[in-house]
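The chain contents come next:
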Amino acid sequence: MKAKVLLLSFALIISLLTGCAQQPSQSQTPNQTTPPETTPDVQTSASIVADNAAFEKAISNTGTWIICLTKDLTFDKDLVLDGEFKNGKKDDEGKDIIQRKIALYTQDEDRTVTARFTLTAPKLTINSPNARIQSGTFKGDLYVSAKNFELVDATVDGNVYFTTEEAQSTFKMDEKSKITGKQELKK
C-alpha cells in the first residue's frame, strides 16, 4: 500500500512540474521568423514596479501585459511601450485578448483606487496594440503608434501625437480622463 501511495505521489509531482515548466514565449525566442506583432507574448502576470529599471524592463517587448506603479517615477529619457501581450482572458469567440496596461494606481480588494501616481518622461511612445494608461498622470508628450489606445481615468499633462490615422481614429478616452495639451496627427 505504501509503495502504491508513493508511486502515485511521485507521478503527481512529475505531472505538476511538467505542466508548470515555463516555456519561452515567442517574443523571447532568438532568430524568430514571425514578426512580434503577430505572435503575442503569453505572459499574463503583473509587473509591480517601484524603480526606473524595473519599469523599463516591464514596458519592453519581453515585459508583462500590465505594469503597476507603486510610487511616482521620473525619467530624463524617452520611453517606449513595446510588444504584443495576452491578458490571460478570452473574448466571446474564445480568442485570447490582446491588451497592455500601464496602471498608475493601487487599489484595494474591492478595486477601489487607493493611490494615484505620476509617471514623468519627456516622451512615451505607445507601440503595443490595445494599450491603456489608467488612473494616474503621465507628464510628458505621448506618441501613439498603435491602434486602440485608451486613457481610462487618466491625465496626460502634455500633448498627444498620433503617428498614424488608424492610431488617431481608434483612440478612446473616458469622461474622467483629460489631456492638457493638444491632440494631433504627426507623421
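Residues numbered from 1 in each chain as written. Predicted model: local features only at pLDDT ≥ 70, side-chain atom pairs only at ≥ 80, totals over all residues. Heavy atoms only, no water.

Peer 1: Could you give me a rundown of the overall build of the protein chain, with the residues and numbers involved?
Peer 2: If you tally the helices and strands in the protein chain, you get three helices and 18 strands. Taken over 187 residues, the protein chain has a buried fraction of 39%. (Helix = DSSP H or I, 4+ residues; strand = E, 2+ residues; numbered from the N terminus. Buried < 20%, exposed > 50% of the residue type's maximum accessible area, 1.4 Å probe, protein only.)

Peer 1: Give me the pairing of strand 9 (residues 113-116): which residues, what numbers.
Peer 2: The pairing of strand 8 (residues 105-107) with strand 9 spans three bridges and is antiparallel. Pairing of Tyr-105 across the sheet is with Arg-116, part of strand 9. Joining the antiparallel neighbours strand 8 and strand 9 is a turn of five residues, in which Arg-111 adopts a positive phi near 65°. (Pairing = 2+ DSSP bridges.)

Peer 1: Explain the sheet that holds strand 11 (residues 131-134) to me, and be specific about the residues and the numbers.
Peer 2: Taken in spatial order, the six strands of this open sheet run 1-2-7-11-13-16, and their pairing is parallel. Of all the strands in the sheet, the pair left with one neighbour each is strand 1 (46-49) and strand 16 (172-173). As defined by bridge partners, strand 1 adjoins strand 2 (residues 66-69) across four bridges and the pair is classed as parallel. Looking at strand 2, one finds that Ile-48 is bridged to Cys-68.

Peer 1: Explain the packing of aromatic side chains to me, using residue names and the numbers behind them.
Peer 2: As enumerated under the stated definition, the model contains four aromatic pairs in all. Ring centres of Phe-55 and Phe-75 lie 5.7 Å apart, and the angle between their planes is 45°; this geometry places the pair in the tilted category. Highlighted residues: Phe-55 in helix 2 (residues 52-59) and Phe-75 in the loop between strand 3 (73-74) and strand 4 (79-81), separated in sequence by 20 residues. Residue Phe-55 is classed as buried on the basis of its relative accessible area, which comes to 0%. Phe-75 sits in the buried class, given a relative accessible area of 7%. An aromatic cluster is built from Phe-149, Phe-162 and Phe-171, whose rings are joined through pairwise contacts. (Phe/Tyr/Trp six-rings, centres within 6.5 Å; stacked < 30°, edge-to-face > 60°.)

Peer 1: For unusual backbone geometry, give the residues involved together with the corresponding values.
Peer 2: Phi at Asn-130 takes a positive value of approximately 55°, unusual for a residue other than glycine. Within the element layout of this structure, Asn-130 appears in the loop between strand 10 (118-126) and strand 11. Relative accessible area serves as the criterion here: at 23%, Asn-130 is assigned to the partly exposed category. Of note in the backbone geometry, Asn-148 takes a positive phi value of approximately 65° without being a glycine. Examined against the element boundaries, Asn-148 turns out to sit in the loop between strand 12 (137-144) and strand 13 (150-152).

Peer 1: Which residues make up the confidence of the model for the protein chain, and what are the values?
Peer 2: Mean pLDDT over the protein chain: 83, with 76% of residues reaching 70 or higher. Residue range residues 2-43 is modelled with pLDDT below 50. Its contacts to residues more than four positions away, or to other chains, number 29 contacts. (pLDDT = per-residue confidence, 0-100. Contact = heavy atoms within 4.5 Å.)

Peer 1: Requested: an account of the environment of Thr-106, with residues and values cited.
Peer 2: Along the chain, Thr-106 turns up in strand 8. Relative accessible area serves as the criterion here: at 25%, Thr-106 is assigned to the partly exposed category. A C-alpha to C-alpha distance of 8.6 Å links Thr-106 and Phe-117, two positions eleven residues apart in sequence. If we skip the residues at most four places from it in the chain, Thr-106 touches Leu-69, Thr-112, Val-113, Thr-114, Ala-115 and Phe-117.

Peer 1: Which residues make up the environment of Ala-146, and what values go with them?
Peer 2: Turning to its location among the elements, Ala-146 is positioned in the loop between strand 12 and strand 13. Taking C-alpha positions, Ala-146 is 8.5 Å from Thr-163, a pair spaced 17 residues apart along the chain. With near-sequence residues (within four places) excluded, Ala-146 lies in contact with Ile-126, Asn-127, Ser-128, Pro-129 and Ala-167.

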